[in-house]
Amino acid sequence: MVEIVGVRFKKVGKTYYFAPNGISLKVGDNVIVETARGVEFGEIVIENREIPDEAITTPLKPVVCKATEADCKQVEENKKKEKKAFEIFVEKASKHKLDMKLVDVEYTFDGSKISFFFTADGRIDFRELVKELASTFRTRIELRQIGVRDEAKTLGGIGICGRELCCKGFLGEFIPVSIKMAKEQNLSLNPTKISGACGRLMCCLKYEQEAYEDLGKKMPRNGAIVQTPDGKGTVININLIRQTADVRLESNDNIKQYNGQDVKVLKNTDAKIDKETLNELKGLED
(Lines give C-alpha, C1' and ligand atoms only; values in the text may rest on other atoms or scores of the structure.)
Protein backbone atom coordinates (compact mmCIF):
# COMPACT_ATOMS: atom_id res chain seq x y z
CA MET A 1 0.00 0.00 0.00
CA VAL A 2 1.12 3.55 -0.71
CA GLU A 3 -0.13 6.81 0.81
CA ILE A 4 -1.45 9.39 -1.66
CA VAL A 5 -3.42 12.60 -1.93
CA GLY A 6 -5.44 13.66 -4.98
CA VAL A 7 -4.68 17.07 -6.48
CA ARG A 8 -6.57 18.97 -9.17
CA PHE A 9 -5.10 21.95 -11.01
CA LYS A 10 -8.32 23.18 -12.60
CA LYS A 11 -11.79 23.51 -11.12
CA VAL A 12 -13.03 20.70 -13.36
CA GLY A 13 -9.95 18.80 -14.39
CA LYS A 14 -8.20 15.49 -14.04
CA THR A 15 -7.19 14.37 -10.55
CA TYR A 16 -3.54 13.44 -10.08
CA TYR A 17 -1.97 11.43 -7.25
CA PHE A 18 0.93 12.86 -5.26
CA ALA A 19 2.93 11.66 -2.25
CA PRO A 20 1.80 13.74 0.77
CA ASN A 21 5.38 13.87 2.01
CA GLY A 22 4.36 13.55 5.67
CA ILE A 23 1.84 16.42 5.45
CA SER A 24 -1.73 15.87 6.64
CA LEU A 25 -4.08 17.43 4.06
CA LYS A 26 -7.82 17.95 3.80
CA VAL A 27 -10.14 18.46 0.85
CA GLY A 28 -10.02 22.11 -0.16
CA ASP A 29 -6.44 22.72 1.00
CA ASN A 30 -4.22 24.48 -1.53
CA VAL A 31 -0.78 22.97 -2.07
CA ILE A 32 2.43 23.46 -3.99
CA VAL A 33 3.56 20.31 -5.83
CA GLU A 34 6.29 19.18 -8.16
CA THR A 35 5.10 18.10 -11.61
CA ALA A 36 6.66 17.19 -14.94
CA ARG A 37 5.85 20.74 -16.04
CA GLY A 38 7.50 22.32 -13.02
CA VAL A 39 6.28 23.64 -9.67
CA GLU A 40 2.48 24.00 -9.68
CA PHE A 41 -0.32 25.25 -7.44
CA GLY A 42 -3.24 22.85 -6.90
CA GLU A 43 -6.18 21.96 -4.69
CA ILE A 44 -6.63 18.82 -2.63
CA VAL A 45 -9.68 16.82 -3.75
CA ILE A 46 -8.72 13.49 -2.12
CA GLU A 47 -7.43 13.48 1.46
CA ASN A 48 -4.54 11.32 2.70
CA ARG A 49 -5.34 7.68 2.07
CA GLU A 50 -3.62 4.43 1.18
CA ILE A 51 -4.16 2.66 -2.13
CA PRO A 52 -2.64 -0.56 -3.58
CA ASP A 53 0.78 -0.21 -5.19
CA GLU A 54 -0.61 -1.42 -8.54
CA ALA A 55 -3.03 1.53 -8.64
CA ILE A 56 -0.16 3.86 -9.54
CA THR A 57 2.04 3.46 -12.60
CA THR A 58 4.98 5.72 -11.86
CA PRO A 59 6.82 6.92 -8.74
CA LEU A 60 4.73 9.67 -7.16
CA LYS A 61 6.03 13.21 -7.11
CA PRO A 62 5.82 14.91 -3.70
CA VAL A 63 3.70 17.67 -2.26
CA VAL A 64 6.21 20.43 -1.49
CA CYS A 65 4.10 22.26 1.10
CA LYS A 66 0.74 23.75 1.89
CA ALA A 67 0.16 26.96 -0.03
CA THR A 68 0.55 30.20 1.90
CA GLU A 69 -1.35 33.45 1.48
CA ALA A 70 1.59 34.76 -0.55
CA ASP A 71 1.31 31.74 -2.86
CA CYS A 72 -2.39 32.44 -3.45
CA LYS A 73 -1.55 36.05 -4.32
CA GLN A 74 1.06 34.76 -6.77
CA VAL A 75 -1.62 32.69 -8.50
CA GLU A 76 -3.80 35.79 -8.87
CA GLU A 77 -0.86 37.69 -10.34
CA ASN A 78 -0.28 34.86 -12.81
CA LYS A 79 -3.91 35.06 -13.93
CA LYS A 80 -3.47 38.76 -14.72
CA LYS A 81 -0.30 37.94 -16.68
CA GLU A 82 -2.19 35.25 -18.61
CA LYS A 83 -4.73 37.81 -19.85
CA LYS A 84 -1.94 40.08 -21.07
CA ALA A 85 -0.10 37.14 -22.66
CA PHE A 86 -3.32 36.18 -24.47
CA GLU A 87 -3.50 39.61 -26.12
CA ILE A 88 0.17 39.57 -27.09
CA PHE A 89 -0.13 36.09 -28.61
CA VAL A 90 -3.14 37.04 -30.75
CA GLU A 91 -1.33 40.13 -32.00
CA LYS A 92 1.84 38.26 -32.92
CA ALA A 93 0.01 35.30 -34.51
CA SER A 94 -1.87 37.78 -36.70
CA LYS A 95 1.41 39.47 -37.61
CA HIS A 96 2.81 36.11 -38.77
CA LYS A 97 -0.46 35.39 -40.64
CA LEU A 98 -1.01 32.11 -38.79
CA ASP A 99 -4.51 30.62 -39.04
CA MET A 100 -4.88 29.53 -35.44
CA LYS A 101 -7.38 30.25 -32.67
CA LEU A 102 -5.96 30.78 -29.20
CA VAL A 103 -8.15 29.12 -26.55
CA ASP A 104 -6.25 29.41 -23.28
CA VAL A 105 -2.99 30.53 -21.68
CA GLU A 106 -1.40 29.01 -18.57
CA TYR A 107 1.57 30.16 -16.52
CA THR A 108 3.27 27.61 -14.31
CA PHE A 109 3.16 28.68 -10.65
CA ASP A 110 6.80 29.77 -10.63
CA GLY A 111 6.53 31.46 -14.04
CA SER A 112 9.17 29.18 -15.56
CA LYS A 113 6.95 28.32 -18.53
CA ILE A 114 3.95 29.71 -20.41
CA SER A 115 1.69 27.30 -22.28
CA PHE A 116 -0.54 28.50 -25.12
CA PHE A 117 -3.40 26.21 -26.16
CA PHE A 118 -4.84 26.70 -29.63
CA THR A 119 -7.01 25.07 -32.28
CA ALA A 120 -6.35 24.96 -36.02
CA ASP A 121 -7.65 23.06 -39.03
CA GLY A 122 -4.28 21.52 -39.83
CA ARG A 123 -0.61 21.60 -38.84
CA ILE A 124 0.86 25.03 -38.18
CA ASP A 125 4.50 26.03 -38.58
CA PHE A 126 4.83 28.26 -35.53
CA ARG A 127 8.61 28.13 -35.07
CA GLU A 128 9.13 31.84 -35.77
CA LEU A 129 6.22 32.73 -33.51
CA VAL A 130 7.75 30.74 -30.64
CA LYS A 131 11.08 32.54 -31.06
CA GLU A 132 9.36 35.91 -30.90
CA LEU A 133 7.27 34.91 -27.87
CA ALA A 134 10.35 33.62 -26.05
CA SER A 135 12.13 36.89 -26.77
CA THR A 136 9.12 38.87 -25.48
CA PHE A 137 8.42 36.91 -22.29
CA ARG A 138 11.98 35.68 -21.65
CA THR A 139 10.83 32.30 -20.37
CA ARG A 140 10.07 28.84 -21.77
CA ILE A 141 7.23 28.77 -24.28
CA GLU A 142 5.01 25.83 -25.15
CA LEU A 143 2.41 25.86 -27.93
CA ARG A 144 -0.05 22.97 -27.79
CA GLN A 145 -2.69 22.24 -30.40
CA ILE A 146 -5.87 20.89 -28.81
CA GLY A 147 -9.04 19.30 -30.15
CA VAL A 148 -12.60 20.60 -30.28
CA ARG A 149 -13.60 18.72 -27.11
CA ASP A 150 -10.84 20.41 -25.11
CA GLU A 151 -11.84 23.75 -26.60
CA ALA A 152 -15.44 23.29 -25.46
CA LYS A 153 -14.28 22.24 -21.98
CA THR A 154 -12.12 25.34 -21.68
CA LEU A 155 -14.58 27.88 -23.07
CA GLY A 156 -17.77 26.32 -21.67
CA GLY A 157 -21.29 26.95 -22.90
CA ILE A 158 -24.87 25.69 -22.74
CA GLY A 159 -25.88 22.29 -24.10
CA ILE A 160 -29.07 21.48 -26.01
CA CYS A 161 -30.53 20.37 -22.67
CA GLY A 162 -30.31 23.97 -21.45
CA ARG A 163 -27.69 23.20 -18.82
CA GLU A 164 -23.98 23.98 -18.60
CA LEU A 165 -21.81 21.66 -20.70
CA CYS A 166 -20.97 18.52 -18.72
CA CYS A 167 -17.27 18.78 -19.57
CA LYS A 168 -17.16 22.28 -18.11
CA GLY A 169 -19.44 21.60 -15.15
CA PHE A 170 -18.26 18.32 -13.63
CA LEU A 171 -16.51 15.87 -15.98
CA GLY A 172 -12.88 15.66 -14.90
CA GLU A 173 -11.98 13.53 -17.92
CA PHE A 174 -13.63 12.84 -21.26
CA ILE A 175 -15.43 9.51 -21.43
CA PRO A 176 -15.42 7.38 -24.61
CA VAL A 177 -18.67 7.58 -26.58
CA SER A 178 -19.59 5.85 -29.82
CA ILE A 179 -22.27 5.65 -32.52
CA LYS A 180 -23.06 2.17 -31.18
CA MET A 181 -24.39 3.78 -28.00
CA ALA A 182 -26.82 5.98 -29.95
CA LYS A 183 -28.05 2.95 -31.90
CA GLU A 184 -28.54 0.84 -28.77
CA GLN A 185 -30.49 3.68 -27.11
CA ASN A 186 -32.76 3.83 -30.17
CA LEU A 187 -31.87 7.46 -30.82
CA SER A 188 -32.13 9.27 -34.12
CA LEU A 189 -28.85 8.94 -36.00
CA ASN A 190 -29.16 12.51 -37.24
CA PRO A 191 -25.72 14.04 -36.47
CA THR A 192 -27.25 17.36 -35.37
CA LYS A 193 -29.35 15.60 -32.72
CA ILE A 194 -26.65 13.46 -31.13
CA SER A 195 -23.68 15.83 -31.24
CA GLY A 196 -22.78 18.40 -28.62
CA ALA A 197 -21.51 21.98 -28.77
CA CYS A 198 -18.08 20.66 -29.73
CA GLY A 199 -19.45 18.95 -32.82
CA ARG A 200 -18.68 15.48 -31.45
CA LEU A 201 -20.96 12.88 -29.88
CA MET A 202 -22.62 14.07 -26.68
CA CYS A 203 -20.87 12.80 -23.54
CA CYS A 204 -24.26 12.09 -21.93
CA LEU A 205 -24.74 9.12 -24.29
CA LYS A 206 -22.56 7.24 -21.82
CA TYR A 207 -24.59 7.95 -18.68
CA GLU A 208 -27.39 5.40 -19.22
CA GLN A 209 -25.56 3.07 -21.58
CA GLU A 210 -25.21 0.21 -19.11
CA ALA A 211 -28.94 0.27 -18.41
CA TYR A 212 -29.75 0.24 -22.12
CA GLU A 213 -27.33 -2.62 -22.73
CA ASP A 214 -29.08 -4.65 -20.03
CA LEU A 215 -32.55 -3.83 -21.37
CA GLY A 216 -31.45 -4.56 -24.92
CA LYS A 217 -30.53 -8.15 -24.05
CA LYS A 218 -34.21 -8.92 -23.50
CA MET A 219 -35.50 -7.30 -26.68
CA PRO A 220 -35.38 -7.94 -30.45
CA ARG A 221 -33.76 -5.38 -32.72
CA ASN A 222 -35.49 -3.17 -35.23
CA GLY A 223 -35.97 -5.16 -38.43
CA ALA A 224 -35.84 -8.53 -36.66
CA ILE A 225 -38.10 -11.36 -37.80
CA VAL A 226 -40.07 -12.58 -34.78
CA GLN A 227 -42.73 -15.08 -33.78
CA THR A 228 -45.67 -13.50 -31.97
CA PRO A 229 -48.86 -15.01 -30.48
CA ASP A 230 -50.52 -13.88 -33.74
CA GLY A 231 -47.93 -15.29 -36.13
CA LYS A 232 -44.69 -14.13 -37.75
CA GLY A 233 -43.85 -10.49 -38.23
CA THR A 234 -41.15 -7.85 -38.56
CA VAL A 235 -40.18 -5.49 -35.73
CA ILE A 236 -40.55 -1.90 -36.89
CA ASN A 237 -39.98 -0.14 -33.57
CA ILE A 238 -38.91 -0.98 -30.04
CA ASN A 239 -39.22 0.85 -26.72
CA LEU A 240 -36.46 -0.39 -24.46
CA ILE A 241 -37.74 1.43 -21.38
CA ARG A 242 -41.25 -0.01 -21.65
CA GLN A 243 -39.92 -3.30 -23.05
CA THR A 244 -42.40 -3.28 -25.94
CA ALA A 245 -42.04 -4.02 -29.65
CA ASP A 246 -44.21 -2.82 -32.54
CA VAL A 247 -44.51 -5.67 -35.04
CA ARG A 248 -45.86 -5.66 -38.60
CA LEU A 249 -47.60 -9.03 -39.00
CA GLU A 250 -47.04 -11.07 -42.17
CA SER A 251 -50.58 -12.43 -42.23
CA ASN A 252 -52.50 -9.16 -42.55
CA ASP A 253 -49.84 -6.38 -42.61
CA ASN A 254 -51.32 -4.93 -39.42
CA ILE A 255 -49.06 -3.35 -36.80
CA LYS A 256 -49.48 -4.57 -33.25
CA GLN A 257 -47.60 -3.89 -30.04
CA TYR A 258 -46.30 -6.76 -27.89
CA ASN A 259 -44.39 -7.10 -24.65
CA GLY A 260 -40.83 -8.15 -25.31
CA GLN A 261 -41.34 -11.40 -23.41
CA ASP A 262 -44.20 -12.35 -25.75
CA VAL A 263 -42.12 -12.42 -28.95
CA LYS A 264 -39.46 -14.89 -29.99
CA VAL A 265 -36.64 -13.79 -32.29
CA LEU A 266 -36.33 -15.94 -35.40
CA LYS A 267 -33.76 -13.76 -37.14
CA ASN A 268 -32.09 -10.63 -35.77
CA THR A 269 -30.82 -7.91 -38.09
CA ASP A 270 -28.91 -4.68 -37.80
CA ALA A 271 -30.40 -1.51 -39.20
CA LYS A 272 -28.56 -0.54 -42.38
CA ILE A 273 -27.02 2.92 -42.68
CA ASP A 274 -26.01 4.36 -46.04
CA LYS A 275 -22.27 4.86 -46.55
CA GLU A 276 -22.40 8.66 -46.68
CA THR A 277 -24.33 8.91 -43.40
CA LEU A 278 -22.06 6.32 -41.77
CA ASN A 279 -18.95 8.33 -42.69
CA GLU A 280 -20.55 11.47 -41.28
CA LEU A 281 -21.43 9.70 -38.06
CA LYS A 282 -17.94 8.21 -37.71
CA GLY A 283 -16.54 11.74 -37.84
CA LEU A 284 -18.43 12.52 -34.65
CA GLU A 285 -16.35 9.93 -32.75
CA ASP A 286 -12.98 11.57 -33.46
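Above this text is the structure in question.
Residues numbered from 1 in each chain as written. Predicted model: local features only at pLDDT ≥ 70, side-chain atom pairs only at ≥ 80, totals over all residues. Heavy atoms only, no water.

Caption draft 1: Structural detail: the pattern of salt bridges. One pass over the structure, following the stated rule, counts 16 salt bridges. Notably, a salt bridge pairs K101 with E151, separated by 2.6 Å at the nearest N-O pair. One end of the pair, K101, is in strand β6 (residues 101-107); the other, E151, is in helix α3 (residues 148-155), with 50 residues separating them in the sequence. One salt-bridge network, held together by shared partners, links K10, R37, E40 and E106. (Salt bridge = Lys/Arg side-chain N within 4 Å of Asp/Glu carboxyl O. Helix = DSSP H or I, 4+ residues; strand = E, 2+ residues; numbered from the N terminus.)

Caption draft 2: Structural detail: the nonpolar core. Membership of the largest hydrophobic core comes to 17 residues, with the highest contact counts inside it found for F89, M100, F116, L129, L133, F137 and L143. At the level of secondary structure, the elements contributing two or more residues to this core comprise α1 (69-95), β6, β7 (113-119), α2 (127-137) and β8 (140-145). Here this core takes four residues from α1, the largest share from any one element. Non-local contacts of F89, meaning those with residues more than four positions away in its chain, are made with M100, L102, F116, L129, L133 and L143. Core analysis: the second largest hydrophobic core is formed by 13 residues, A224, V226, I238 and A245 among them. (Core = buried A, V, L, I, M, F, W, Y, C linked by side-chain atoms within 4.5 Å. Buried < 20%, exposed > 50% of the residue type's maximum accessible area, 1.4 Å probe, protein only. Contact = heavy atoms within 4.5 Å.)

Caption draft 3: Region of the structure containing the packing of aromatic side chains. Taken as a whole, this structure holds seven aromatic pairs when the rule is applied. Where F41 meets F109, the ring centres are 6.2 Å apart and the plane angle is 20°; that geometry is what we call stacked. On the criterion of sequence distance, the pair formed by F41 in strand β4 (residues 38-51) and F109 in the loop between β6 and β7 is long-range, its members being 68 residues apart. Neither F41 nor F109 differs from the other in exposure class; each is buried. Each ring, one from F170 and one from Y207, has its centre 6.4 Å from the other, and the planes form 40°; the classification is tilted. (Phe/Tyr/Trp six-rings, centres within 6.5 Å; stacked < 30°, edge-to-face > 60°.)

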